[in-house]
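One-letter residues, chain by chain:
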Amino acid sequence: MLPKYYEFQNKVKICSGASALENIPYELRLLGASSPLPLSDEGLEKIGALKTVQSALTGVTPGAVFTAVPPDSSIETVNTVADVYKKHSCDSIIAVGGGSVIDTAKGARLVLASGSQNITELMGCECIANINDIPFIAVPTTSGTGSEATPIAVISNTQLKIKMEYVSSFLVPDVAVLDVRMTQTLPPRITASTGIDALCHAIEAYSCLQKNPVSDAFAASAIRLVAQNLKTAITKPADKDARLAMANAAALAGVSFGNSMVGLVHAIGHSLGAHCHVAHGDAMAILLPHVMRYNLSSCSDTYSELLLHLAEPNEYASCPAEKRAEKAVEKVEGLISFCHEKANLPHTLSETNRVSKDDFAAIARGAVNDGAILVNPASADENDIISILRSAY
């Protein structure tokens, strides 16, 4: 059924496949840029991922290079990057990294484009006027966040111990470059964690209250790609086809949830990350089956449709219609169990060694104030969330 009204927007150009990195100089020229600021983290610099990108920048001289992005993007880092950009007269940003690096780039771009001095000045950023264009290319090094294709940035406020969400069309990168050289050396643990993150994005986008036919198409494609390729990417990390499929799954899921949003898994996961520092992908893997079961009675028809994308066609056809929603949840649980067995991905909160039952009340308070909860198909209060946390413990 079509919603009474919906909007869909995504401007990102996706460059995917062989020699995608080598297209960056051409894309910079199209954007009118010649002095980019490559942005990354120390780990990616150390293993040579940043150097691989820099080697592809034929004829391009960076104005500066910044590699001090922390695991969680922060207000301080965003403001520092903006200062470096201005100091060295850069004219574009190339973000090489996972969600934290790309979100840092998004935050810095917003500060620079608005002429502000501090990201905290930009609450209600959709109302910003007089935006100056800052060309922005994202090169993801994991296949999970989808940040390379979303209008969303999550920036940590370390003083308040919260993660602030910025949502604006100004945050969407101009170009997303998907190249297997960026993900082929990911260890099984990170491959599993980020892969389930992409799956969670797609499932929540497909089932939340703000879903629409266009976002559904992207989400369904992402779910199929994860279901068909994540196991291979974990067990055969050199398989280029599986790696590229997972990179595309993450981007497609990003396009989807960037328009339809996510839900309760993310609301709780954001609070878990802020209060207990549980890695985002790990939180998604732990919470997803439990929240799906919580939502089951509210969106059984939608979950039944998901089975077609999670299972083989014959398996879907042979499953009675009234059991397909439950079977879809079981398929998700099975994939997460595989990740637990083959990649040591935690599938309970206790396995993270970061969460105590004493934390549940604070996590629940944070979750009910998270914007993602507003579009979850089933309403939830603090007691409901504590029950979910107990079942996931």
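This text goes with the structure placed above it.
Residues numbered from 1 in each chain as written. Predicted model: local features only at pLDDT ≥ 70, side-chain atom pairs only at ≥ 80, totals over all residues. Heavy atoms only, no water.

A. Layout of the overall build of the protein chain. For the protein chain, the count of helices and strands is 15 helices and 7 strands. Here the protein chain has a C-alpha radius of gyration of 20 Å; the compact-globule value for 393 residues is 21 Å, and the two agree. For the protein chain, the spread of C-alpha atoms along the principal axes amounts to about 60 × 45 × 40 Å. Across the 393 residues in the protein chain, those meeting the buried criterion constitute 57%. Across the protein chain, the mean location of the 30 positive side-chain charges is 4 Å away from that of the 40 negative side-chain charges. (Helix = DSSP H or I, 4+ residues; strand = E, 2+ residues; numbered from the N terminus. Rg over C-alpha atoms; globule rule 2.2 N^0.38 Å. Buried < 20%, exposed > 50% of the residue type's maximum accessible area, 1.4 Å probe, protein only. Lys, Arg positive; Asp, Glu negative; His and termini not counted. Charge placed at Lys NZ, Arg CZ, Asp CG, Glu CD.)

B. Quick look at the side chain of Arg-109. Within the secondary structure, Arg-109 sits in helix H5 (residues 99-114). Taking relative accessible area as the criterion, Arg-109 reaches 4% and is therefore assigned buried. When near neighbours in sequence (up to four residues on either side) are disregarded, Arg-109 contacts Lys-11, Ile-93, Asp-133, Ile-134, Phe-136, Phe-170, Leu-171, Val-172, Pro-173 and Asp-174. (Contact = heavy atoms within 4.5 Å.)

C. Highlighting the nonpolar core. Within the largest apolar cluster, 76 residues are counted, with the highest numbers of intra-cluster contacts made by Ile-196, Leu-199, Leu-264, Ile-268, Leu-272, Leu-287 and Ile-385. Setting aside residues up to four positions removed in sequence, Ile-196 forms contacts with Leu-230, Met-284, Ala-285, Leu-335, Ile-336, Cys-339 and Leu-345. Counting 32 residues, the second largest nonpolar core, distinct from the first, contains Ile-93, Ala-95, Leu-110 and Ala-113. (Core = buried A, V, L, I, M, F, W, Y, C linked by side-chain atoms within 4.5 Å.)

D. Just unusual backbone geometry, in detail. Look at Ser-19: it is not a glycine, yet its phi comes out positive at around 60°. Looking at the secondary structure, you find Ser-19 in the loop between strand S1 (13-16) and helix H1 (24-30). Ser-19 sits in the partly exposed class, given a relative accessible area of 43%. Of note in this structure, Asn-353 is not a glycine but carries a positive phi near 60°. In this fold, Asn-353 is placed in the loop between helix H13 (324-343) and helix H14 (360-368).

E. Region of interest: the side chain of Ser-256. Along the chain, Ser-256 falls in helix H8 (residues 240-260). For Ser-256, a relative accessible area of 0% corresponds to the buried category. Excluding its chain neighbours within four sequence positions, the residues that come into contact with Ser-256 are Ala-205, Ser-215, Phe-218, Ala-219 and Met-261.

F. Region of the structure containing the packing of aromatic side chains. In total, this model carries 2 aromatic pairs according to the counting rule given. Relative to Phe-218, the ring of Phe-8 lies with its centre 5.6 Å away and its plane at 20°, an arrangement referred to as stacked. Pair noted here: Phe-8 is in the segment before S1 and Phe-218 is in helix H7 (residues 213-235), with a separation of 210 residues, a long-range link. Each ring, one from Phe-360 and one from Tyr-393, has its centre 5.7 Å from the other, and the planes form 75°; the classification is edge-to-face. Pair noted here: Phe-360 is in helix H14 and Tyr-393 is in the segment after helix H15 (382-392), with a separation of 33 residues, a long-range link. (Phe/Tyr/Trp six-rings, centres within 6.5 Å; stacked < 30°, edge-to-face > 60°.)

G. Looking closely at the pattern of salt bridges. Applying the stated rule across the entire model yields 13 salt bridges. Of the charged contacts in the structure, one is a salt bridge between Glu-333 and Arg-293, with a shortest N-O distance of 3.0 Å. Highlighted residues: Glu-333 in helix H13 and Arg-293 in helix H10 (residues 280-295), separated in sequence by 40 residues. Residue Glu-333 is classed as partly exposed on the basis of its relative accessible area, which comes to 25%. For the salt bridge of Glu-315 with Lys-331, the shortest nitrogen-to-oxygen distance reads 3.2 Å. A residue pair is termed long-range when its members are at least 10 positions apart, and Glu-315 in helix H12 (residues 313-318) and Lys-331 in helix H13 qualify at 16 residues. We classify Lys-331 as partly exposed; its relative accessible area is 27%. Taken together, the shared-partner salt bridges connect Lys-11, Arg-109, Asp-133 and Asp-174 into one network. (Salt bridge = Lys/Arg side-chain N within 4 Å of Asp/Glu carboxyl O.)

Interpretation in functional terms is not warranted from these geometric data alone.
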